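Structure at a glance
Below are the chains, spelled out letter by letter.
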Amino acid sequence: MRKIKKYQMVMIIAAALGVSACGSDGKDGKPGDPGTPGIPGTPGEPPVVTTSAVAKVLDWHFGDGLVNVEFTVENQDGVPVEDLDKVELLSTVTNAQGFLADTVTMTYFAGESNSKGTLTHQGDGVYTLSMPREGVTSESVGIGYIRPGNGNNGMPRTKRVMLTQTDQYAQVSTTEDAKCVACHGEFTAATGNSTWGWHQHHHALNNDQEVVIVEACLSCHTQTEKKDGGYALNTLAMIGHGKMSDGEGGKVSKGHAALWGNYSMDMKRCSTCHADDVQFTASINGCVTCHTGLFDADRVGNVDHTGFTDASCQTCHGPDGYMYAHKNGAARDEALNRYHFELISVQRSADKSQIEVTVKATDADGKSVDIAAISDATPRGWATIVKHGEAVLPGRDEGHVARSTGGVTNEDGSYTYTIEHAAPYQDGEVLLGGVDGRISYADGNAPITVSNIKDVRRTSSDGMKCLNCHTEGLQGHGGQRGGFDLGGDACTQCHSAYNWAPGKQGEDYPMAWGPLVHNMHFGDYKVKRGVNDMPTTDKNKKVECVACHTGEINLDKVAPAVVLNGLDENSVYGITAISANCVACHSTPAAKAHMSTQGGDFNVAITPSGVHQGEKVEFKVFDPAPIVESCSVCHTPARMAEAHQY
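Keep in mind the model is a prediction, meaning the values are calculated, not measured.

Turning next to the pairing of strand β25 (residues 618-621). Inspection of the sheet shows strand β24 (residues 610-613) paired to β25 by four bridges, in the antiparallel sense. Bridge pairing links Val611 to Lys620 in β25. From the end of β24 to the start of β25, which pair antiparallel, there are four residues.

Put into structure tokens, the structure is as follows:
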């Protein structure tokens, strides 16, 4: 078919219709009759499209039998939504004892037979919602949220938006969101079904679009159990204390209850999760989360609390009248701040035979302290050398660091500890050392911890995050080392890749810090050995690495120190560093085979490189050559982040 140009086609059509501009003689034709004037045009406005929306509460108050909320709604472009036809209100009020108890949810939906209340549009996206609420008055106190949208106008629902803090708002003063975030990680960075649990999507926002955690949870998980008029089976106190409903009237230990061990938080140190200066109001629900046998009439030597109410509790257990003293950490905090140790240097003696650790100390007022004269604490120097980013630990039994046998006060007021049983001098060595010990106070001991660990050891985690859960610094095991100055980083002075120790429950296990932490908190280790479920994540669920780690995890930077295992000096063997960490969760034969293809080795043959005279006995020294794995070629920081959702 031949091509016809546009102007040719126009002329052909015009000729066919007899509307040529020229007559047959080629001259212009006569002007046509005047046309009918057109209707003046009105500029068309594009339709408002709402793909997401933001709500803000302007004001709210309880009235006699009413909850009134004034709020605004805008779409994703900041344009007011003028046709809102649906909004949900959740409202929780306090009972006669002042505890959040009665929760109701109500929905206004224009044109629906079961719609509640009235919704009035004041213009410019400002609405007034008035909901009936039986039993409330202008003196009522409570919390709650609104959630507009998802009606017939096509607007998606907004996030839950908390009611603003007014005189009628039940302000929560016992804890704060930061206490939760400290262990669980930033809420907005978390993934569903992980460290924040199944109900993560039930969070709310404030008017600044910031996440609200505690008060949003309290809206449903109130201070009163469902059987006593509350909304949910588990109150927030039950969740926080880890004594949860079993659905049959009893309680089971779950979640936070796993923290009540000797190596974790002190269950009686309330300031771990609560505000430091919190004033508790005694309640049945709050107490029975720990004192589960409170209503047992056969409790020998105890008051029969059967039939007691919240009002009964408050007659005996006022703010200053608890029969049992719950620690708030004040005495321990005083001990922690009593002395401040500053590390000056870690260096070899003149003859290279010993290591010298020099420190200074000041008191809580910043005044210089003579370390030799301290009588209420037991500071002691320690040191070792570092290879491939890990400590080499000859010194005592099981390869612990070498400790000081004495020291001297210097002219400038500093103090130098002498470390006699450290490893022999090596040219170009990197020294690791510091001071640890205990500070005595009425209820126990607080740790002293200062060292150069963070300067000489590679790390992708923040040891201070350990103290969010392990508030007592692992009291009872290494309690003098896991202090508030270094947190879990102090643990690496003994938990080194080059350390080994007899196994637990008949099996050997890695003493190195990374594999030890991964095994204890995740994966097969806790499943197979019956370790209490840790409040981090469950096996095969996405791991929130930011609970411990900071920034990216780059396998290319992992120190290639072979991790030692062994039941005794005659059975020591090694595992390559990356594989030792990954196998804690990825433990199937296929996963281990995959690691092996990248240079991973789970049975590195290790022979002693010599012997060392420790403080007590002579023992063998194991110093394996490093082995580099190629995992980082495929498992880049970006792919690691995507797979583990940190």
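Anyway, onward from the coordinates.
With respect to topology, three strands assemble into an open sheet ordered β21-β22-β23, the strand pairing being antiparallel. Only two strands of the sheet have a single neighbouring strand rather than two, namely β21 (563-565) and β23 (604-605). Of the pairings in the sheet, the one linking β21 to strand β22 (residues 573-575) comprises three bridges and is antiparallel in character. Residue Asn565 lies in a different strand from β22, and its bridge partner there is Tyr573.

The subject of this paragraph is the state of the cysteines. Scanning the model with the defined rule gives zero disulfides in all. Not engaged in a disulfide, the cysteine Cys585 finds its nearest cysteine sulfur in Cys582; these two sulfurs lie 8.9 Å apart. On the basis of relative accessibility, which here comes to 30%, the residue Cys585 falls in the partly exposed class. Here Cys634 stays unpaired: no disulfide links it, and the sulfur of Cys631, its closest cysteine neighbor, is 9.1 Å away. When its relative accessible area of 44% is taken as the criterion, Cys634 is described as partly exposed.

One broad trend across soluble globular proteins is that nonpolar side chains are buried collectively. Core analysis: the largest hydrophobic core is formed by 42 residues, its most contacted members being Phe341, Val357, Val359, Tyr417, Ile419 and Val435. In this structure, Val69, Phe71, Leu163 and Cys220 belong to the second largest nonpolar core, which totals 39 residues.

Attention now moves to the pairing of strand β18 (residues 415-419). Of all five residues in β18, four are buried; the element is thus mostly enclosed. Note that strand β14 (residues 355-363) and β18 share five bridges and pair antiparallel. Its bridge partner being in β18, Ile355 is matched across the sheet by Ile419. Where strand β17 (residues 402-409) hands over to β18, the hairpin turn is made up of five residues, of which Gly413 adopts a positive phi near 90°.

Scoring rules and cut-offs
Residues numbered from 1 in each chain as written. Predicted model: local features only at pLDDT ≥ 70, side-chain atom pairs only at ≥ 80, totals over all residues. Heavy atoms only, no water. Pairing = 2+ DSSP bridges. Helix = DSSP H or I, 4+ residues; strand = E, 2+ residues; numbered from the N terminus. Disulfide = S-S within 2.5 Å. Buried < 20%, exposed > 50% of the residue type's maximum accessible area, 1.4 Å probe, protein only. Core = buried A, V, L, I, M, F, W, Y, C linked by side-chain atoms within 4.5 Å.

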